[in-house]
Amino acid sequence: MEVIKVCNLEKIYKNGNIEVKALKGVNLTIHQGEFVAIMGASGSGKSTLMNVLGCLDKPSSGNYYLDGEDVSRLRDDELSYIRNRKIGFVFQSFNLIPRTSALKNVELPMVYGRTAKQERRKRAISLLTDVGLGDRYNHMPNEISGGQKQRVAIARALANEPPIILADEPTGNLDSKSSVEIMEIFTDLNRNRGNTVIIVTHEPDIAEFTDRVITFRDGNIIKDELTGRGVASGFYGEVSGK
Amino acid sequence: MMLFLENVNLALTAIKTNKMRSFLTMLGIIIGISSVIAITSIGASAKGAVTAEFEAMGSSYLYIMPNWEMMNTDDFSMNDFFTSEDINALKARFPEMIKYAVPYVSGSSATKVGRTDANLSILGVGANYDDYNKTLLMQSGRMILDSDIRGRKNVIVIQDKMAVRLFGSKDAALKKEVPVTLNGEQTDATVIGVFEEKESAFAGLATSNTYKCYMPYSTVLPAGEEYFNYIEIYCDPDTDIAAQGKSFTGYLENVKGKDEGFYTFESAESQMEMINKVLGILSIAIGAIAAISLLVGGIGIMNIMLVSVTERTREIGIRKSLGARTKDILTQFLIEAMILSVIGGGIGTLFGIGIGKIGMIVAGTQGIHMSLVIEPLTIIIAVLFSAGVGLFFGLFPAKKAAKLDPIEALRFE
Ligand SMILES: Nc1ncnc2c1ncn2[C@@H]1O[C@H](COP(=O)(O)OP(=O)(O)O)[C@@H](O)[C@H]1O
Ligand SMILES: [Mg+2]
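None of the values given here were measured: they were computed from a predicted structure.

So, on to the site of ligand 1. Inspection of the region around ligand 1 gives 13 residues, with Gly43, Gly45, Lys46, Ser47 and Thr48 of chain A positioned closest. Residue neighbours of ligand 1 fall on chains A and B, so the site bridges chains. Ser47 of chain A is positioned with one of its side-chain polar atoms (N or O) 2.7 Å from an oxygen atom of ligand 1. Protein contacts shield 70% of the accessible area of ligand 1, which totals 560 Å² for the unbound molecule. Among the secondary structure elements, those contributing two or more residues to the shell around ligand 1 are strand E1 (2–15), strand E2 (18–31) and helix H1 (46–53) of chain A. Sorting elements by how many residues they give to the shell around ligand 1 places H1 of chain A first, with 3 residues. Of the residues contributing to the shell around ligand 1, the split by class is 4 nonpolar, 7 polar and 2 charged.

Right, here's the structure in full:
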């Protein structure tokens with residue numbers, strides 16, 4: 001099933017008289033259960049694409065179909081619903097809410113999803129336990145390490161069990177040990193829970209965790225190929241064509 | 001509802017993190033609400049005291065007098081004033097309604113007994129005045145009688161406090177002489193009675209060595225003089241005093257050949273109306289000041305909320321990326337603004353009650369004794385009103401926060 005399909009996606013940033021074309025007609029299809037890495041030099045348009053996929057930003061032209069639905073036609077509240085239920089977004093800079101405990105941060109998507117308080121708390125604690133922070137849930141973001149922050153952010157992204165996980169350079173601010181741990185969490189999500197996972201990275205080691213690597217240059221996809229893992233998984237034999 | 005409680009918690013946390021700033025923001029609301037509460041409760045207390053005062057005096061009396069505005073001061077005749085005949089005519093015309101009618105004349109005099117001196121505020125009254133004036137309680141001796149009036153007797157009824165001061169005790173004063181100066185002539189008046197004035201909120205206002213006393217009106221008027229300015233009338237308490245006053249003045253204008261409106265009257269009712277009017281104007285004036293400080297307070301809240309929205313732009317972006325709807329962000333900031341002003345309103349209410357209490361204590365030292373009336377309705381309105389101020393002035397910043405674009409907000413440094 002095609003969860004994500006973009007056609008001729010363009011994004012132009014305008015700053016006064018200066019126009020920057022960040023995406024120059026991108027075409028891309030991602031199926032449910034794929035584990036994809038997006039690579040490319042800095043400034044090649046990776047984050048711009050991720051923001052559009054995450055319904056945080058709107059393209060200048062072209063179409064984005066999420067689960068077959070044209071996102072450009074959706075109202076504000078429907079976009080909020082998608083961000084709340086369908087997509088879990090993980091940022092390079094963690095984006096935890098300051099002066100708010102790990103637990104409260106993880107509860108937040110469930111607050112906006114109107115989950116009852118007890119249920120919310122129970123689930124948040126179990127999510128934090130899953131990422132290895134069961135004993136730290138009362139800590140504030142400034143009291144934990146970068147790797148721990150990113151785990152809280154991942155737990156938060158998973159709060160409402162979204163089928164799609166988008167992560168924009170999730171290991172960009174982490175040391176290599178933490179990076180591997182984070183990638184293991186993503187791998188587990190993809191392999192054992194069936195999540196569609198798309199991560200942006202510019203480290204080939206990180207990309208090696210995934211099945212498929214898409215490479216960007218100057219707002220275009222220049223390469224789209226399977227990794228060793230991808231070939232070995234046999235996944236793409238079933239999907240046919242790719 | 002769930003989100004509401006969540007927002008209340010969020011707001012309290014935000015306020016706690018910026019204690020000083022929040023307090024300064026609330027200051028305008030605190031000042032506004034506390035002045036409203038202080039003024040309304042002091043006003044209500046004063047009103048209550050005045051009403052009680054008039055009720056104690058009995059509200060069935062009225063004074064008739066010429067309307068000074070209508071009089072031609074260059075060319076007034078003695079006929080403009082009243083004589084005993086006018087009183088008799090009035091009594092004859094309205095026998096049912098008029099219980100008691102006398103000339104009302106007043107004067108003042110210094111006096112000295114031995115080495116103790118005192119000031120007298122002399123009221124010239126008719127016979128058996130104490131039957132009608134309920135604030136006057138005879139302690140010993142007797143009140144002025146008809147024979148004293150007719151004989152223009154040099155007799156005086158003095159206040160208990162003065163009796164104690166000048167003669168040592170109430171009973172010791174009886175039959176003693178008190179020197180008084182009336183119409184420029186010094187005479188010795190004989191004490192025939194001692195009275196006590198009923199406890200009054202305003203009793204302390206009289207200066208300490210000025211005492212009220214009663215003498216026959218005929219004695220207080222200059223010899224041979226028959227005209228006086230006021231008639232004091234006690235009516236049947238069950239009648240409409242205002243209507244009575246109108247028919248009395250109308251009748252007097254008629255018999256004395258004056259234009260309509262030449263005479264006017266004052267009753268407990270009209271005096272109370274006037275006092276209430278003054279209190280009302282005062283309340284409006286101070287209410288206006290309070291309104292302005294609430295406005296300033298509201299603008300302060302708007303200002304700080306705008307700062308807060310800017311400071312928390314990134315947080316708003318994060319919330320939106322996690323699925324917060326425009327409405328959710330709007331409520332979050334609206335509730336924060338409202339809680340800020342409601343807390344301000346609460347503190348203001350407490351302050352206002354405190355100020356009212358202090359006001360009562362200050363009035364007490366000036367001899368005005370009243371108890372603070374706190375109307376729960378006023379407090380409810382004050383708190384609701386401050387919530388309204390928060391809502392109104394919080395709306396603009398909250399809207400600004402709510403319509404932030406998620407990605408713009410996330411990029412905000
Ligand atoms: N908000 C913005 N305003 C203007 N230009 C931008 C903005 N965001 C990104 N760009 C430009 O768009 C291009 C792609 O940026 P981005 O998607 O962030 O690249 P990447 O994530 O691959 O490093 C770059 O040239 C960048 O300078
Ligand atoms: Mg980037």
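Taken together, the 22 residues of chain B in the interface contact 26 residues of chain A. When chain B packs against chain A, the two sides together hide about 2200 Å² of surface, and 55% of this comes from carbon and sulfur. Linking chain B with chain A are 4 salt bridges, by the criterion used here. On the surface where chain B and chain A come into contact, there are 10 residue pairs in polar contact (both at pLDDT 80 or more).

Another point: a nonpolar patch on the surface. A cluster of nonpolar side chains, Met20, Phe23, Leu24, Leu27 and Ile31 of chain B, forms an exposed patch at the surface whose accessible area comes to about 470 Å². The residue Ile31 of chain B is located in helix H2 (residues 19–57) in this model.

All names here are of chain A. The 4 strands lie next to each other as E2-E1-E4-E5, forming an open sheet whose pairing is antiparallel. Unpaired on one side and paired on the other, E2 and strand E5 (69–70) mark the two borders of the sheet. In this sheet, strand E4 (residues 61–66) lies alongside E1 in antiparallel orientation, the contact comprising 5 bridges. Within E4, the residue paired with Lys5 across the bridge is Tyr65.

For the rest of this paragraph, the subject is the pairing of strand E9 (residues 212–217) of chain A. Residue and element names in this part refer to chain A. Counting buried residues along E9, 5 of its 6 residues qualify, which places the element largely inside the surrounding structure. With 5 bridges connecting them, strand E3 (residues 35–40) and E9 associate as parallel partners. Bridge pairing in E9 links Ile38 to Ile214. Where E9 meets strand E10 (residues 220–226), 6 bridges bridge the pair, whose relative direction is antiparallel. Its bridge partner being in E10, Arg217 is matched across the sheet by Asn220. Hairpin connection, E9 to E10: the antiparallel pair is bridged by 2 residues, and Asp218 has positive phi, about 50 degrees.

Turning our eyes to something else, we now look at the packing of helix H9 (residues 268–311) of chain B against helix H11 (residues 326–365) of chain B. Residues and elements named next belong to chain B. One way to put it is that H9 packs onto H11 with a least axis distance of 11 Å and a crossing angle of 140 degrees. As summarised for this structure, H9 and H11 are arranged oblique, according to the angle between their axes. H9 and H11 meet at a crossing whose hand is right-handed. The residues of H11 that touch H9, namely those facing Ile301, Ile304, Met305, Ser308 and Val309, are Phe333, Glu336, Ala337, Leu340 and Ser341. Residue classes in the contact of H9 with H11 are distributed as 7 nonpolar, 2 polar and 1 charged.

Quick look at helix H6 (residues 176–193) of chain A now. Residues and elements named next belong to chain A. The end-to-end C-alpha separation of H6 is 25 Å, in line with the 26 Å expected for 18 residues at 1.5 Å each. Among the residues making up H6, those that are buried are Ser178, Ser179, Ile182, Met183, Ile185, Phe186, Thr187, Leu189 and Asn190. The backbone nitrogen of Lys177 has a side-chain oxygen 3.1 Å away, supplied by the residue at the start of H6, namely Asp175. Where H6 ends, the next residue or the one after it, Gly194, has phi of about 75 degrees, a positive value.

Backbone hydrogen bonds hold the strands of a sheet together, and the pairing may be parallel or antiparallel. Residues and elements named next belong to chain A. Taken in spatial order, the 6 strands of this open sheet run E6-E7-E8-E3-E9-E10, and their pairing is mixed. Each having just a single partner strand, strand E6 (87–90) and E10 make up the two edges of the open sheet. Each adjacent strand pair in this sheet contributes to an overall mean axis angle of 15 degrees, direction not counted. With respect to the sheet, H6 is in contact with E3, E6, strand E7 (164–168) and strand E8 (196–200), its orientation differing from that of E3 by roughly 135 degrees.

Another point: the nonpolar core. Ranked by internal contacts, the top residues of the largest apolar core, which has 71 residues, are Ile4, Tyr64 and Ile198 of chain A. Counting 65 residues, the second-largest nonpolar core is a separate cluster that includes Val105, Phe167, Tyr211 and Tyr251 of chain B.

Following the criterion strictly, the structure yields 27 salt bridges over all chains and no others. Glu181 of chain A is the salt-bridge partner of Arg151 of chain A, the closest N and O atoms lying 2.9 Å from each other. Of the two residues, Arg151 of chain A is situated in helix H5 (residues 146–157) and Glu181 of chain A in helix H6; the sequence distance between them amounts to 30 residues. Overall, the relative accessible area of 19% leaves Arg151 of chain A in the buried class. Of the charged contacts, one joins Arg312 of chain B and Glu336 of chain B as a salt bridge, the two residues approaching to 3.2 Å between their closest N and O atoms. Taken as a pair, Arg312 of chain B in the loop between H9 and helix H10 (313–321) and Glu336 of chain B in helix H11 lie far apart in primary sequence, 24 residues in all. In this structure, Arg312 of chain B and Glu336 of chain B share a single accessibility class: buried. One continuous salt-bridge network, built from bridges that share partners, spans Lys104, Glu107, Arg120 and Arg121 of chain A together with Glu6 of chain B.

Calculation rules
- Residues numbered from 1 in each chain as written.
- Chains lettered and ligands numbered in written order.
- Predicted model: local features only at pLDDT ≥ 70, side-chain atom pairs only at ≥ 80, totals over all residues.
- Heavy atoms only, no water.
- Near = heavy atom within 4 Å.
- Polar contact = N/O pair within 3.5 Å; in protein donor to acceptor, adjacent residues only side chain to side chain.
- Areas by Shrake-Rupley, 256 points an atom, 1.4 Å probe, with all protein chains shown as cover.
- Helix = DSSP H or I, 4+ residues; strand = E, 2+ residues; numbered from the N terminus.
- Nonpolar A, V, L, I, M, F, W, Y, C, P; charged D, E, K, R; others polar.
- Contact = heavy atoms within 4.5 Å.
- Buried area = accessible area lost by both parts, 1.4 Å probe.
- Salt bridge = Lys/Arg side-chain N within 4 Å of Asp/Glu carboxyl O.
- Patch = residues over 30% accessible without salt bridge, like charges linked within 9 Å, V, L, I, M, F, W, Y side chains within 5 Å.
- Pairing = 2+ DSSP bridges.
- Buried < 20%, exposed > 50% of the residue type's maximum accessible area, 1.4 Å probe, protein only.
- Axes fitted to C-alpha atoms, helices over the stretch in contact; angles between N-to-C directions.
- Parallel < 35°, antiparallel > 145°, perpendicular 65-115°, else oblique.
- Left-handed = near helix turned anticlockwise from the far one by under 90°.
- Expected span 1.5 Å × (residues − 1).
- Core = buried A, V, L, I, M, F, W, Y, C linked by side-chain atoms within 4.5 Å.

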